[in-house]
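Architecture at a glance
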Amino acid sequence: MTRPLLLPLLLLLLLPLPTYAWNGAGHRLVAALAWAQLEAPAREQAVALLRRHPDQARWLRRQQEQDPDYGLFLEASTWPDDIRRDARFHDPDEPPTPLLPGFPHMQRQTHWHFQDEPGAGGRGEIDTRVERLARELAEGDAQSRAYALPWLLHLVADLHQPLHTAGRGDRGGNGYTVENPYNPRKPFMSLHAYWDELPGPPWLRGRHLEAPLARLAALPAPEQGDPARWLAEGRALVAGDGVYPATPGSLLPLVTPEFHARARQISDQRLAAAGVRLGRWLNRLLVPRAAASR
Ligand SMILES: [Zn+2]
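Here the structure is a predicted model, which is why all the values come from computation and not from measurement.

1. So, the confidence of the model for the protein
Mean pLDDT over the protein stands at 91; residues scoring 70 or higher make up 90%. The least confident element of the protein is helix α1 (residues 3–13), whose mean pLDDT is 50; the most confident is helix α5 (residues 68–76), at 98. Counted against residues more than four places away or in other chains, residues 12–17, with its pLDDT under 50, gives five contacts.

Structure (structure tokens):
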């Protein structure tokens, strides 16, 4: 086949499907780092809240840790992605699904996971949602706190994925296809998907999490800052030269060895920062209720 035929065909076949998050491995790694930061009272509260969540039995069934409380915490962190494919929930353009016990509503809220451009052109609301969920977790009733916690575990991680906070007019890299020789099964993929997969294979659980976790835990502790700062850091990364590959490939921008090494380093730093910051924040948000009353 000659190239003039091949190119449109390839582009059609490889049109990237939108993806929205660090993969499951990324979320569990962030949650694991956060768990390591938690002081006993925050850990107890977190586990008590997750055990009230209507989907806690699903998380316990699939967790692979020796300590089921820890496993519960890790599995809760992917819940906002799990419900994307869950028929109990609905998107705004679908007929509403029946309200089930323990849930405040049955919306998937896919727009909570990102904010793709600064200013008026941006879609998504992670920039404001994270603070609102934190307030709900600190001040809400038991049901809304149990609902808010998995979301917060998830969104603090998403906020550290640079392409969840900016793009270059391409929906956070979802509309930007790269050549990636590091994934032989998907040599052409969206830049967003490339970043989502940097933490490792999505099935990583149990003992398979140990090596990447040790690598991330060895990185220098981040300054705490606040969600606005975490977002600004992501946007600065996207504006710099580490997130978008600049070398042309045969058809599309190419992930070179140098680019890949740098991207993995940035990804590690962002995952580590997310986990430590999340854990420290939860220590403040999950103080025992009696002590929290003003
Ligand atoms: Zn997400």
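2. Things to note about empty space enclosed by the protein
Across all of its chains, the model carries two cavities of 30 Å³ or more by this definition. Of the volumes computed, that of the second largest cavity is approximately 30 Å³. In terms of lining, the second largest cavity is formed by Arg28, Gln63, Gln64, Glu65, Gly71, Leu74, Glu75, Arg205, Gly206 and Leu209. Examining the composition of the lining of the second largest cavity, we find that three residues originate from one element, α5, more than from any other. Looking at the lining of the second largest cavity residue by residue, the class counts come to two nonpolar, four polar and four charged.

3. Things to note about the layout of surface pockets
The space that makes up the second largest pocket amounts to roughly 240 Å³. Pro220, Pro222, Gln269, Ala273 and Arg277 are the residues nearest the centre of the second largest pocket, which is lined by 14 residues in total. Mapped onto the lining of the second largest pocket, the elements with two or more residues apiece are α11 (227–239) and α12 (257–285). Ranked by residues supplied to the lining of the second largest pocket, first place goes to α12 with six residues. Within the lining of the second largest pocket, the residues separate by chemical class into eight nonpolar, one polar and five charged.

4. With respect to the pattern of salt bridges
Counted under the stated rule, the structure contains 20 salt bridges. The closest approach of N and O atoms between Arg205 and Glu75, which form a salt bridge, is 2.7 Å. Of this pair, Arg205 sits in the loop between α9 (191–197) and α10 (210–217) while Glu75 is found in helix α5, placing the two residues 130 residues apart along the sequence. As far as the burial class goes, Arg205 and Glu75 line up, both buried. Measuring nitrogen to oxygen at the nearest pair gives 3.2 Å for the salt bridge that ties Asp91 to Arg108.

5. Re the nonpolar core
Grouped together as the largest cluster of nonpolar side chains are 56 residues, with contacts concentrated most on Phe73, Leu137, Leu152 and Leu282. Listing elements by their share of this core, those giving two or more residues are α2 (24–37), α3 (40–52), α5, α7 (126–139), α8 (142–159), α10, α11 and α12. Here this core gets ten residues from one element, more than from any other, and that element is α8. The next biggest cluster of nonpolar side chains, apart from the first, holds 16 residues, and it includes Leu163, Ala166, Ala193 and Ile266.

6. Some points on the coordination of the zinc ion
Ligation of the zinc ion by protein atoms is provided by His113 (ND1), His154 (NE2) and Asp158 (OD), these donors lying 2.0 to 2.2 Å from the ion. Positions of the donor residues of the zinc ion, expressed as sequence spacing, correspond to H-x40-H-x3-D. Of this pair, His113 sits in the loop between α6 (79–82) and α7 while Asp158 sits in helix α8, and the two are 45 residues apart along the sequence. In this structure His113 comes out as buried when scored by relative accessible area, which is 0%.

Cut-offs used in this document
- Residues numbered from 1 in each chain as written.
- Predicted model: local features only at pLDDT ≥ 70, side-chain atom pairs only at ≥ 80, totals over all residues.
- Heavy atoms only, no water.
- pLDDT = per-residue confidence, 0-100.
- Helix = DSSP H or I, 4+ residues; strand = E, 2+ residues; numbered from the N terminus.
- Contact = heavy atoms within 4.5 Å.
- 1 Å grid on protein atoms, 1.4 Å probe; cavity = no way out; pocket = protein on both sides within 12 Å on 5 of 7 lines; lining within 4 Å.
- Points joined across faces, edges and corners; volume = space filled by probe spheres on them.
- Nonpolar A, V, L, I, M, F, W, Y, C, P; charged D, E, K, R; others polar.
- Salt bridge = Lys/Arg side-chain N within 4 Å of Asp/Glu carboxyl O.
- Buried < 20%, exposed > 50% of the residue type's maximum accessible area, 1.4 Å probe, protein only.
- Core = buried A, V, L, I, M, F, W, Y, C linked by side-chain atoms within 4.5 Å.
- Donors = N, O, S within 2.8 Å, 3.2 Å for Na, K, Ca; no water.

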